[in-house]
Amino acid sequence: MKFSQYPIAKEIKERLEEIGYKRPTDIQYKAIRHIMEGEDVMAIAQTGTGKTAAFVIPILDWILKNGKKNKGVKCLVMVPTRELAKQIASVFQDIGKKTKIKTLGLFGGVEQEQQIRTLNNGIDILVATPGRMFDLISQGHLDISKVHFLVLDEADLMLEFGFGKDIKDVLKHVPLKRQTLFFSATISKRIKKLAYDVVRNAIRIQISPKNPVAKTIEHSIVFVEMDDKRFFLENMIKNHEDKKIIVFVRTKVRVERVVKAMKRVGIETEALHGGLEQKERFSILNRFKSGENKILITTDVACRGIDIPEVEMVINYDIPDNPENYVHRCGRTGRGGKKGYAISFCSGQEKELVEAIEDYTGNQIEKYELPKEEYMEIIRETEENGYDWKKLIEEENKRSGTKDIWDDK
Ligand code: AMP
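Conventions we followed
- Residues numbered from 1 in each chain as written.
- Predicted model: local features only at pLDDT ≥ 70, side-chain atom pairs only at ≥ 80, totals over all residues.
- Heavy atoms only, no water.
- Near = heavy atom within 4 Å.
- Polar contact = N/O pair within 3.5 Å; in protein donor to acceptor, adjacent residues only side chain to side chain.
- Areas by Shrake-Rupley, 256 points an atom, 1.4 Å probe, with all protein chains shown as cover.
- Nonpolar A, V, L, I, M, F, W, Y, C, P; charged D, E, K, R; others polar.
- Pairing = 2+ DSSP bridges.
- Helix = DSSP H or I, 4+ residues; strand = E, 2+ residues; numbered from the N terminus.
- Axes fitted to C-alpha atoms, helices over the stretch in contact; angles between N-to-C directions.
- Domains from an automatic or database assignment.
- Buried < 20%, exposed > 50% of the residue type's maximum accessible area, 1.4 Å probe, protein only.
- Salt bridge = Lys/Arg side-chain N within 4 Å of Asp/Glu carboxyl O.
- Contact = heavy atoms within 4.5 Å.
- Phe/Tyr/Trp six-rings, centres within 6.5 Å; stacked < 30°, edge-to-face > 60°.
- Lys NZ or Arg CZ within 6 Å of the ring centre and 35° of its normal.
- Right-handed = clockwise from strand over helix to strand, strands pointing away.

1. Re the site of the ligand
Phase 1 of the analysis: In the region of the ligand, the neighbouring residues are Phe-3, Tyr-21, Arg-23, Thr-25, Gln-28, Thr-47, Gly-48, Thr-49, Gly-50, Lys-51 and Thr-52.
Phase 2 of the analysis: Between the ligand and Tyr-21, the relevant distance is 2.5 Å, taken from an oxygen atom to a side-chain nitrogen or oxygen of the residue.
Phase 3 of the analysis: Here Arg-23 contributes a backbone N or O atom positioned 2.8 Å from a nitrogen atom of the ligand.
Phase 4 of the analysis: Its free accessible area being 500 Å², the ligand has 65% of it covered by the protein chains.
Phase 5 of the analysis: When grouped by side-chain class, the residues that make up the shell around the ligand number two nonpolar, seven polar and two charged.

2. Structural notes on the sheet that holds strand 5 (residues 149-152)
Phase 1 of the analysis: Taken together, the seven strands give an open sheet; going across it, the order is 3-4-2-5-6-1-7, and neighbouring strands pair in parallel fashion. If you trace the sheet from one side to the other, it starts and ends with strand 3 (103-106) and strand 7 (203-206), each paired once. When the angles between neighbouring strand axes are averaged without regard to direction, this sheet yields 10°.
Phase 2 of the analysis: Inspection of the sheet shows strand 1 (residues 41-44) paired to strand 6 (residues 179-184) by four bridges, in the parallel sense. By the bridge assignment for strand 6, Met-42 is matched with Phe-182.

3. Describing the domain arrangement of the protein
Interfaces are frequently sized by the accessible area removed from exposure as the parts join.
Phase 1 of the analysis: If you check the domain split of the protein, you get domain 1 (3-207) and domain 2 (217-401).
Phase 2 of the analysis: Here the C-alpha centre of domain 2 lies 43 Å away from the C-alpha centre of domain 1.

4. Let's talk about the pairing of strand 2 (residues 75-78)
One face of the sheet, then the other: side chains in a regular strand alternate in exactly this way.
Phase 1 of the analysis: Here strand 2 shows two buried faces, one formed by Cys-75 and Val-77 and the other by Leu-76 and Met-78.
Phase 2 of the analysis: Across four bridges, the pairing between strand 2 and strand 4 (residues 125-128) is parallel. Bridged to Leu-76 within strand 4 is Leu-126.
Phase 3 of the analysis: Pairing geometry for strand 2 and strand 5, over four bridges, is parallel. Opposite Leu-76, over in strand 5, you have Leu-150 as the bridge partner.

5. Regarding the pattern of salt bridges
Phase 1 of the analysis: Summed over the entire model, instances satisfying the criterion amount to 25 salt bridges.
Phase 2 of the analysis: With a shortest N-O distance of 3.7 Å, Lys-2 and Glu-352 are connected by a salt bridge. Of this pair, Lys-2 sits in the segment before helix 1 (10-18) while Glu-352 sits in helix 14 (residues 351-361), and the two are 350 residues apart along the sequence.
Phase 3 of the analysis: Relative accessible area serves as the criterion here: at 29%, Lys-2 is assigned to the partly exposed category.
Phase 4 of the analysis: Lys-367 is paired through a salt bridge with Glu-358; the nearest N and O atoms lie 2.6 Å apart.
Phase 5 of the analysis: A relative accessible area of 34% means that Lys-367 is categorised as partly exposed.
Phase 6 of the analysis: By relative accessible area, which is 10% here, Glu-358 ends up buried.
Phase 7 of the analysis: Linked through salt bridges whose partners overlap, the residues forming this network are Arg-15, Glu-18, Asp-94 and Lys-98.

6. Some remarks on the side chain of Thr-129
Phase 1 of the analysis: Mapped onto the elements, Thr-129 comes out in the loop between strand 4 and helix 6 (130-138).
Phase 2 of the analysis: Overall, the relative accessible area of 8% leaves Thr-129 in the buried class.
Phase 3 of the analysis: Residue contacts for Thr-129: discarding those within four places in its chain leaves Val-79, Pro-80, Thr-81, Arg-82, Ala-85, Leu-106, Phe-107 and Gly-108.

7. A short note on unusual backbone geometry
Phase 1 of the analysis: One non-glycine residue, Asn-201, lies in the positive phi region at around 45°.
Phase 2 of the analysis: Among the structural elements, Asn-201 can be located in the loop between helix 9 (189-198) and strand 7.
Phase 3 of the analysis: One non-glycine residue, Asp-242, lies in the positive phi region at around 70°.
Phase 4 of the analysis: Along the chain, Asp-242 turns up in the loop between helix 10 (229-239) and strand 9 (245-248).
Phase 5 of the analysis: Classification of Asp-242 by relative accessible area gives exposed; the value is 61%.

8. Considering the side chain of Arg-329
Phase 1 of the analysis: Topologically, Arg-329 is positioned in helix 13 (residues 323-330).
Phase 2 of the analysis: Reaching out from Arg-329, the side chain makes a polar contact with the backbone oxygen of Asp-318 at a distance of 2.8 Å.

9. Let's talk about the packing of aromatic side chains
Phase 1 of the analysis: Applying the stated criterion across every chain, the model contains eight aromatic pairs.
Phase 2 of the analysis: Here the aromatic cluster, defined as three or more aromatic residues joined through ring pairs, consists of Phe-232, Tyr-317, Phe-345 and Tyr-375.
Phase 3 of the analysis: One cation-aromatic arrangement involves Lys-229 over Tyr-317; the distance from NZ or CZ to the ring centre is 6.0 Å.
Phase 4 of the analysis: The residue whose ring lies beneath Lys-351 is Phe-223, and the NZ or CZ to ring-centre distance is 4.9 Å.

10. Focus: the pairing of strand 4
Phase 1 of the analysis: Because side chains alternate across strand 4, one face comprises the buried residues Ile-125 and Val-127, and the other comprises Leu-126 and Ala-128, equally buried.
Phase 2 of the analysis: Bridge count between strand 3 and strand 4: four bridges; the pairing is parallel. What sits directly across from Leu-104, in strand 4, is Leu-126.
Phase 3 of the analysis: Running through helix 5 (residues 112-120), the crossover from strand 3 to the neighbouring parallel element strand 4 is right-handed.

Laid out in structure tokens, this is it:
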């Protein structure tokens, strides 16, 4: 989903477009909607994942929509260093440029007079390091008793710098009824304990660091129309006889269909997806591991964590919706320093998903457009088996009550 489709205020959307933020990053995708729904969030996310905007966007939106009644500070972001206070304040100011929302970065090491003047003129968002903030509270220049949002950013660093007690102290100054957003780059027992002291029933989010596709994997995209994908899969499998291949398909229903389609052309495969009993899933995996079955057709459930040696090829029959999954899927091959191949079938309606993957990995993927004659040849080869494919697809759609293959979630 693009930012233009988010239910956020126009002023924010327009600004995001100006600064070139088209789509949310993973952390933004996972956090923004929960924050907008008023929930507490506890997220493990590193710098570089876009975590700042993940809280800046919904906070600005909330203030625009609900902030008029409250004249005081509506959001307090606590950070461990001056640099971070400056940097995060500047992100609020940048994304909030088309709004009248006022942000102050508050930190020590500079004269406090100017800061007091700014505070007296009224501010909406305060991004502060603990020391100067407590000074100004105790001198009566700062009131944080009406904040709606308390954000703790880089909480692990806060603990490392000895700010644990300051966090507890700040809780005495902010309302009990508030929304708390807790961000840390790493997770430990201490961090968990701290988090549970400040958040309530929080939504937990964990983002893995951005990781590109491994160098041992040659990966590319071939343009194939949605209805033609099964012919191309058949062709790929027949051209790589005896190779161990994982085929990733978007949904369970589609997995079953692809398995049937392959069966009709004499290719034995097995389906693995979340709709199967756990015991059955284990034995399917074991048969694939041992090589008894060489072709596994699966959804994203199988793309994480499992380590199957000697998978020579990954075929993305459908392009994954989530860019992170592209990296995980490709990572099923080329393991242990061996060479691996990943090929993705991209139809016209999936081109945007490829762009999202390229944005995420920061690399262009090699793309092939087959010459028309070659493309038709692959389809003709299949039709020579005597099947009326178009009719079979129609029958299958009728049977499963699906009109459009994108409906079959
Ligand atoms: P952060 O992890 O918050 O330090 O952000 C890392 C970088 O990603 C910053 O330079 C941001 O400007 C940039 N960034 C954050 N969100 C997006 C987005 N949705 N699209 C493009 N760039 C982004």
